[in-house]
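So the chains spell out like this:
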Amino acid sequence: MKVFTDITSLQNFLLPKRRQGLQVGLVPTMGALHQGHLSLIRQAKSENDLTVCSIYINPTQFNNAGDLEKYPRTLELDLALLSTQGCEVVFAPTDHTMYVGNQLIRLDFGYLTQIMEGRYRQGHFSGVGLVVAKLLNIIKPNRAYFGQKDIQQFFIIRQLVRELAFDVELTCHPTVREPSGLAMSSRNQRLSESEREKAVGLFQALALCESALKNGESWKMAHQRAVEWIETEGGIRLEYLELADGDTLEILTEWNQNKQAVLCIAAFVGEVRLIDNVILF
Ligand code: PAF
């Protein structure tokens, strides 16, 4: 496995491969890898000749300095995991490599940045859009892979790719869960044992809403039922629980069974903020 920290060496390695007609898959990550990331790597490997995993904790997508500081950093372990999966290339740049000189560009994704994660994490999606645009420009992959857990991020990146005409195929890979239902996330590493048990509450609240909706309850009733459960038994501090359109992510006030929708949740477990979602068919 080749590990690059600078752009020129990475590109010097990739260019002849691309000229030979090899297909390149990119899995962008911020490290602290878990089974969710590894399943993205496996999918990328099965669909490309060469898989590049980027590991970069992107400061511009953190709207809270404490959160950036506490983000888990496990590079040595990440490299060991990637090599067990047969990942061919790792790109692990420094801040100086990714943000050289005066950075003036800010990205605005319209309504997508005014709802859910965008509403609670000002500037977050501008930072995600910027870093993903940089990675796509540097690596020029044929395909790029993202997890469904960050579904709003996927919509942002899809918009970026469409509007700026990046020549890349995107995949949104289903969320990988612990046997308890807890969605795998690098942030789970910050949870204590008892918090990890409580964190299942995000998935349980989603499941409760889903079954209420599928039993014919209105969204208002289903939402109220889930909020009451969270407040009495859930052990998590809810930030939002929303029903969104499966094609546009616009916020819905009612579920139309004939159209795909997404139930999205964000909540704190102790100090750790987690998100999750389920797609309703
Ligand atoms: O999902 C992540 O890990 C990050 O937001 C990403 C896409 C690697 C950009 O920094």
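Here is what the cut-offs are and how they apply
- Residues numbered from 1 in each chain as written.
- Predicted model: local features only at pLDDT ≥ 70, side-chain atom pairs only at ≥ 80, totals over all residues.
- Heavy atoms only, no water.
- Pairing = 2+ DSSP bridges.
- Helix = DSSP H or I, 4+ residues; strand = E, 2+ residues; numbered from the N terminus.
- Axes fitted to C-alpha atoms, helices over the stretch in contact; angles between N-to-C directions.
- Near = heavy atom within 4 Å.
- Polar contact = N/O pair within 3.5 Å; in protein donor to acceptor, adjacent residues only side chain to side chain.
- Areas by Shrake-Rupley, 256 points an atom, 1.4 Å probe, with all protein chains shown as cover.
- Nonpolar A, V, L, I, M, F, W, Y, C, P; charged D, E, K, R; others polar.
- Salt bridge = Lys/Arg side-chain N within 4 Å of Asp/Glu carboxyl O.
- Buried < 20%, exposed > 50% of the residue type's maximum accessible area, 1.4 Å probe, protein only.
- Contact = heavy atoms within 4.5 Å.

Asks: So what about the sheet that holds strand 9 (residues 272-280)? Which residues, and what values?
Replies: Spatial strand order, 7-8-9: three strands in an open sheet with antiparallel pairing. In this open sheet, the two strands that pair with only one neighbour each are strand 7 (237-245) and strand 9. Averaged over neighbouring strand pairs, the angle between their axes works out to 15 degrees when direction is ignored. Of the strand pairs in this sheet, strand 7 and strand 8 (residues 261-269) are connected by eight bridges, and their pairing is antiparallel. Paired with L238 across the strands is A267, a residue of strand 8.

Asks: Lay out the site of the ligand in plain terms, naming residues and giving numbers.
Replies: Close to the ligand lie P28, T29, M30, N58, Q61, V131 and Q153, which account for all nearby residues. One of the side-chain nitrogen or oxygen atoms of Q61 is found 2.6 Å away from an oxygen atom of the ligand. At 2.6 Å from an oxygen atom of the ligand is found a side-chain nitrogen or oxygen belonging to Q153. Taking 290 Å² as the accessible area of the ligand by itself, protein coverage stands at 89%. Here the residues of the shell around the ligand are counted per class, giving three nonpolar, four polar and no charged.

Asks: An account of the sheet that holds strand 4 (residues 89-91) is requested, with residue identities and associated values reported.
Replies: Pairing is parallel across the open sheet formed by six strands, whose spatial order is 1-4-3-2-5-6. Strands with a single pairing partner mark the edges of an open sheet, and in this sheet they are strand 1 (2-4) and strand 6 (169-173). Each strand axis lies, on average, 25 degrees off the axis of its neighbour in the sheet, ignoring direction. Pairing analysis gives three bridges linking strand 3 (residues 50-55) to strand 4, with the strands arranged parallel.

Asks: Run through the pattern of salt bridges, naming residues and quoting values.
Replies: The tally for this structure, following the rule as stated, stands at 17 salt bridges. Among the salt bridges present, the one from R121 reaches D67, with a minimum N-O distance of 3.9 Å. One end of the pair, R121, is in the loop between helix 6 (116-120) and helix 7 (124-139); the other, D67, is in helix 3 (residues 65-70), with 54 residues separating them in the sequence. For the pair shown, R121 and D67 are each scored as buried. Between R177 and D276 there is a salt bridge; the shortest N-O distance is 2.8 Å. One end of the pair, R177, is in the loop between strand 6 and helix 9 (193-214); the other, D276, is in strand 9, with 99 residues separating them in the sequence. Here the salt bridges share partners, and the residues they tie into one network are D67, K70, E117, R121, R187, R190, E239, E271 and R273.

Asks: Residue-level account of the environment of Y71, with values.
Replies: Structurally, Y71 is set in the loop between helix 3 and helix 4 (75-84). Exposure remark for Y71: the relative accessible area of 9% places this residue in the buried category. Beyond its immediate sequence surroundings of up to four residues, Y71 is in contact with M30, I57, F62, S186 and R187.

Asks: Which residues make up unusual backbone geometry, and what are the values?
Replies: What is expected of a backbone is that most residues other than glycine have negative phi and most peptide bonds are trans. One non-glycine residue with positive phi stands out, namely A165, at about 55 degrees. Assignment of secondary structure puts A165 in the loop between helix 8 (151-163) and strand 6. Overall, the relative accessible area of 62% leaves A165 in the exposed class. Unusually for a residue other than glycine, L249 sits at a positive phi of about 70 degrees. Along the chain, the position of L249 falls in the loop between strand 7 and strand 8. Looking at L249, the relative accessible area reads 0%, which means it is buried.

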